[in-house]
Amino acid sequence: MSSTQASRIALIGSPNSGKSLLFNRLTGLNQKVANFPGITVNIASGQSLHDSSIQYLDFPGVYSMQAISGEEKVAVEAFISALEDNLLDAVVCVVDSTRLEKGLIFALQVLETCHRYNKPVLIAANMVDVLDQHSMQFDASGLSEALKVSVLPLSAKTGAGLEQISQSLADTTVPPEKFQSDIIASDDSVNHLHAQELAEKYGPRGDLLINTQTRLDSFFLHSWFGGLSFLVIMYLLFQSIFTWAAPAMDGVEASIQWLASVVLPLIPAGVASDFTSDALFGGIGAFLVFVPQIFVLTLVVGMLEDSGYLARAAVICHKPLRFFGLTGKSFIPMLSGVACAIPGVYAARTVESTRKRWLTYLAIPLMPCSARLPVYSLIIAAFIPAQKAMGGLVGWQGLAMFAIYLFGILCALLITALVSRSNAELRTDLPFVLEMPPYRLPSWRPLIINAWNRSKHFVTKAGKVIFAVTVVIWVLGYFPNYGTSLGDSWLGTMGQWIEPLFAPFGLDWRYGVAILSSFLAREVFVGTLGTMFGIEGAEENFTSLAQQIQDSGLPLGAGAALLVFFAIALQCVSTLAVLQRETGSWRLPLQLFISYSIFAYTAALAVFHLVELLV
Amino acid sequence: MTLWDLTQGASAKVSRFKSSIESGYRTRLSELGFHPGEQIACVMSPSMGAPKLYRVNNTVYSLDDSIASLIEVA
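Predicted, not measured: the structure shown is a model, and the values here were computed from it.

**Q** Can you tell me about the overall build of chain B, naming the residues and giving the values?
**A** Each helix and strand in chain B was counted, giving two helices and five strands. Tracing chain B from N to C terminus, the helices and strands come up as β-α-β-β-β-α-β. By the compact-globule yardstick of 11 Å for 74 residues, chain B fits well, its C-alpha radius of gyration being 11 Å. Along the first, second and third principal axes, the C-alpha atoms of chain B reach 30 × 25 × 20 Å. For chain B, the residues scored as buried account for 51% of the 74 residues in total.

If you want it as structure tokens, here you go:
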């Protein structure tokens, strides 16, 4: 590595050591996903806020250098290959100073590995703020002397000690050879005994937080209160997507309308003006309105994870999920799937059992991901009045959203239950061992940064596809008659061909075209529909897309059928590609794509007839 | 007696792992602190067979019956 390049510093540590919080503290908003050739694991990279010559790389958390789960294996291999290829200049091993013994078992393994690859190491003893609160201390200099590497006490939460990290990094040394022979020798019990000895000699003494933790656990894991609070928390999650995001969504919509009213008069009437109005403001605008919801959803899921509640939710769900052929560990990948199926598929690596992981893969694409959110919001806003019941406590739209989310989850469970029962091998189980992180007040800054990055990613990544599809749809819908009649356009002609496919559940050809385009990515549906309604409508009259759907006289049954279709169909090229990469073959993604398409179509048809019969 | 038999509030020392436990898991449990000679407390035993919560040093883990019944305690 040349000296003009920034120093690359790896952050490595166990889950719950506060490593990612430290990474966020050190890099702020300057983050991107590091691109290592041949490495499939997500490694975030970011320039140091304090020292521009330092670039930090955040490796996924692992408990041990001897991996037992798929995710750990990939993460450890990524770390080793980065060391082998000389991509790193130093390693920061993050340990939780409140649980020093456990951290040291891992740190000793890291020291041995770094000795082998001749890399300097710094041990970052995190969470000293918790020790301070309990008037406890630990002997960092004693530990540093014993380990022959720098030990820096710090708090990623309060920022204490962070200003010294550049200096400490400059002072780091390669761990001495004597470590290898004395401690590791690949003998776990020797390693364990040494860590125990060091923790006893230099570590803090006494109980930490455990009492508060036990009190909270006896509530959140209580037979009645536990289940009830789980339902309430999940319900609030979905209500928050509507209520918290609503002002921002209104703001985005108003800004787009304002921008259109300023820009459109400046463009002479004709093709350019029509394109700006229909494709840009109609198509892209319709999609941008939903970005605040993605932001809120990511923020709330991140908050639950940070608070320590998600691990409790996994404990609560373990027994019921076992009934459906899954494990409590499937809960986190499935909940991540509520934000986006792709991180969900990656998170499924934490499910050690290959069979349970495979079953989790079947469930994830049915989880109500955020790309479905714009479609759901649009249909719900078109059919369900924005009124509240029970003194403003329950919003009908939020309730409808909860119902359609629940429907997706139930479909996922039904499928895993059926598939696991059809095959005796799939019923066998691997043990469930899960660390219960201490309850913590979430740190808002990193959560907001994360939600911001995800929203940005959503806009830039999905935005490109939506823009391309919107332009194609607009051209096909506008020509050859220059927007005078959508029905007689090229798109209209093509739409008539596919109309028989969607007519059985009350949808005209415009929805058919929007559904077909959404097989690239679900949210394209909203943009496509927005563009088509834009071409049809008078350009000076901007009404929301939901209003236009309402005015178009779409029957309620067709709305319900659309919701059900989108809840089941696997319309996401990226998810299929990630499943292919994770399973190493196209077999599973193709099977899922075909079977979920057929299931979605049949269920939509059934729901349409059911609703039409009842209403 | 196994770890799974510990009632809420009770504690005991790990004596050994049953031979049916997979070696990868034996290593991992040791790394997490479930090591012969280590004192383990059952801090929470939710009803209806849900995984129980065990405390080792300052860390709490949740283990289900399939693994806790393979760890013998005395």
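Back to the text.
**Q** Account for the overall build of chain A, naming residues and giving values.
**A** Secondary structure summary: chain A contains 27 helices and 10 strands in total. Among the 615 residues that make up chain A, the fraction classed as buried is 50%. Contacts in chain A between residues at least 24 apart in sequence constitute 74% of all its contacts with a sequence separation of at least 6.

**Q** Before we move on, can you summarise the packing of helix H21 (residues 490-502) of chain A against helix H22 (residues 509-517) of chain A with the specific residues and values?
**A** Residues and elements named next belong to chain A. Direction vectors running N to C along H21 and H22 enclose 90 degrees, while the axes themselves pass 8 Å from each other. As judged from the angle between their axes, H21 and H22 are roughly perpendicular. Across the interface between the two elements, Leu491, Gly495, Gln496, Ile498, Glu499, Leu501 and Phe502 from H21 touch Trp509, Arg510, Tyr511, Gly512, Val513, Ile515 and Leu516 from H22.

**Q** Explain helix H15 (residues 331-339) of chain A to me, and be specific about the residues and the numbers.
**A** Taking burial as the measure, the nine residues of H15 of chain A include nine buried ones, the bulk of the element. Listed as buried for H15 of chain A are Phe331, Ile332, Pro333, Met334, Leu335, Ser336, Gly337, Val338 and Ala339 of chain A.

**Q** So what's going on with the confidence of the model for chain B? Residues and values would help.
**A** Across chain B, the average pLDDT comes to 88, with 100% of residues at 70 or higher. Interface scoring of the predicted complex returns ipTM 0.94; its pTM is 0.74.

**Q** Residues and numbers for the pairing of strand S4 (residues 59-63) of chain B, please.
**A** Successive residues of a regular strand alternate their side chains across the two faces of the sheet. In terms of burial, S4 of chain B is a largely internal element, five of the five residues being buried. Burial along S4 of chain B is two-sided: Thr59, Tyr61 and Leu63 of chain B and Val60 and Ser62 of chain B, pointing in opposite directions, are all buried. In this sheet, S4 of chain B lies alongside strand S10 (residues 433-436) of chain A in antiparallel orientation, the contact comprising four bridges. Bridging from a neighbouring strand, Glu435 of chain A pairs with Tyr61 of chain B of S4 of chain B. Alignment of strand S3 (residues 52-56) of chain B against S4 of chain B, held across five bridges, turns out to be antiparallel. Bridge pairing links Leu53 of chain B to Ser62 of chain B in S4 of chain B. Hairpin connection between S3 of chain B and S4 of chain B: a loop of two residues separates the two successive antiparallel strands, and Asn57 of chain B in this loop has a positive phi of roughly 50 degrees.

**Q** An account of the interface of chain B and chain A is requested, with residue identities and associated values reported.
**A** Residue-level contacts link 29 residues of chain B with 33 residues of chain A. Broken down by secondary-structure element, the contributors of at least two residues to the side of chain B that touches chain A are helix H1 (23-32), strand S2 (39-44), S3, S4 and helix H2 (65-68) of chain B. Element by element, the count of residues in the side of chain B that touches chain A is highest for H1 of chain B, at seven residues. Of the residues contributing to the side of chain B that touches chain A, the split by class is 13 nonpolar, 12 polar and four charged.

**Q** Hey, could you go over the environment of Ile54 of chain A for me, with residue numbers and the actual values?
**A** All names here are of chain A. The residue Ile54 is located in strand S4 (residues 54-58) in this model. A C-alpha to C-alpha distance of 7.1 Å links Ile54 and Ile9, two positions 45 residues apart in sequence. Non-local contacts of Ile54, meaning those with residues more than four positions away in its chain, are made with Ala6, Ser7, Ile9, Ser48 and Ser166.

**Q** Let's hear about the pairing of S3 of chain B: which residues, and what values?
**A** Of all five residues making up S3 of chain B, five are buried, and the element is well covered by its neighbours. The alternating pattern of S3 of chain B places Lys52, Tyr54 and Val56 of chain B and Leu53 and Arg55 of chain B on opposite faces, both of which are buried.

**Q** Report on the environment of Met532 of chain A, specifying residues and quantitative values.
**A** If you trace the backbone, Met532 of chain A turns up in helix H23 (residues 524-536). In the structure, Met532 of chain A is positioned 19 residues away from Val513 of chain A in sequence and 9.6 Å away in space, judged by C-alpha atoms.

**Q** How would you summarise the sheet that holds S2 of chain B if you had to cite specific residues and measurements?
**A** Read across the sheet, six strands follow the order S10(A)-S4(B)-S3(B)-S2(B)-S1(B)-S5(B) without closing on themselves; strand pairing throughout is antiparallel. At either margin of the open sheet sits one strand with a lone partner, and together these are S10 of chain A together with strand S5 (71-73) of chain B. Each adjacent strand pair in this sheet contributes to an overall mean axis angle of 40 degrees, direction not counted. The sheet contact formed by strand S1 (residues 11-17) of chain B and S5 of chain B spans three bridges and is antiparallel.

**Q** Any details on helix H1 (residues 19-27) of chain A? Residues and values, ideally.
**A** All names here are of chain A. Counted residue by residue, H1 has nine buried out of nine residues, so it is predominantly covered. Taken together, the buried positions of H1 are occupied by Lys19, Ser20, Leu21, Leu22, Phe23, Asn24, Arg25, Leu26 and Thr27. Residue Gly28 follows H1 closely and has a positive phi angle near 60 degrees.

**Q** Tell me what's going on with unusual backbone geometry, and back it up with residues and numbers.
**A** Residue and element names in this part refer to chain A. The peptide bond linking Phe479 to Pro480 adopts the cis configuration, its omega dihedral lying at 5 degrees. For Pro480, the position within the fold is in the loop between helix H20 (444-478) and H21. Phi is positive for Ser135, close to 50 degrees, though the residue is something other than glycine. Residue placement: Ser135 occurs in the loop between helix H4 (128-133) and helix H5 (140-147). The class for Ser135 is exposed, based on 8 C-beta atoms found within 10 Å.

**Q** Outline the nonpolar core, listing residues and values.
**A** Among the nonpolar cores identified, the biggest contains 204 residues, and Ala10 and Cys93 of chain A are the most heavily contacted of them. Setting aside chain neighbours within four positions, we find Ala10 of chain A in contact with Leu57, Phe59, Phe79, Ala82, Leu88, Val91 and Val92 of chain A.

**Q** How would you summarise the packing of helix H18 (residues 372-383) of chain A against helix H25 (residues 556-568) of chain A if you had to cite specific residues and measurements?
**A** All names here are of chain A. Closest axis-to-axis distance for the H18/H25 pair is 10 Å, and the angle between their directions is 165 degrees. The angle between H18 and H25 places the two elements in the roughly antiparallel class. The two elements H18 and H25 meet at a crossing, and its hand is left-handed. Contacts between H18 and H25 involve Arg372, Val375, Tyr376, Ile379, Ala382 and Phe383 from the former and Leu556, Gly559, Leu562, Leu563, Phe566 and Ala567 from the latter.

**Q** Explain the confidence of the model for chain A to me, and be specific about the residues and the numbers.
**A** All names here are of chain A. When pLDDT is averaged along chain A, the result is 82, and 88% of the positions lie at 70 or above. Throughout residues 34-40 the model reports pLDDT below 50, and contacts reaching past four residues in sequence, or to other chains, amount to 11 contacts. Here residues 179-186 is modelled with pLDDT under 50, and outside its nearest four sequence neighbours on either side it reaches 14 contacts, counting other chains as well.

**Q** An account of the environment of Ala600 of chain A is requested, with residue identities and associated values reported.
**A** Residues and elements named next belong to chain A. Looking at the secondary structure, you find Ala600 in helix H27 (residues 587-614). A tally of 22 C-beta atoms within 10 Å means that Ala600 is categorised as buried. Residues in contact with Ala600, not counting those within four places in the same chain, are Phe565, Ile568 and Ala569.

Each value, and the rule that gives it
Residues numbered from 1 in each chain as written. Chains lettered and ligands numbered in written order. Predicted model: local features only at pLDDT ≥ 70, side-chain atom pairs only at ≥ 80, totals over all residues. Helix = DSSP H or I, 4+ residues; strand = E, 2+ residues; numbered from the N terminus. Rg over C-alpha atoms; globule rule 2.2 N^0.38 Å. Buried ≥ 20, exposed ≤ 12 C-beta atoms within 10 Å, placed from the backbone. Contact = placed C-beta atoms within 7 Å. Axes fitted to C-alpha atoms, helices over the stretch in contact; angles between N-to-C directions. Parallel < 35°, antiparallel > 145°, perpendicular 65-115°, else oblique. pLDDT = per-residue confidence, 0-100. Pairing = 2+ DSSP bridges. Nonpolar A, V, L, I, M, F, W, Y, C, P; charged D, E, K, R; others polar. Core = buried A, V, L, I, M, F, W, Y, C linked by C-beta atoms within 7 Å. Left-handed = near helix turned anticlockwise from the far one by under 90°.

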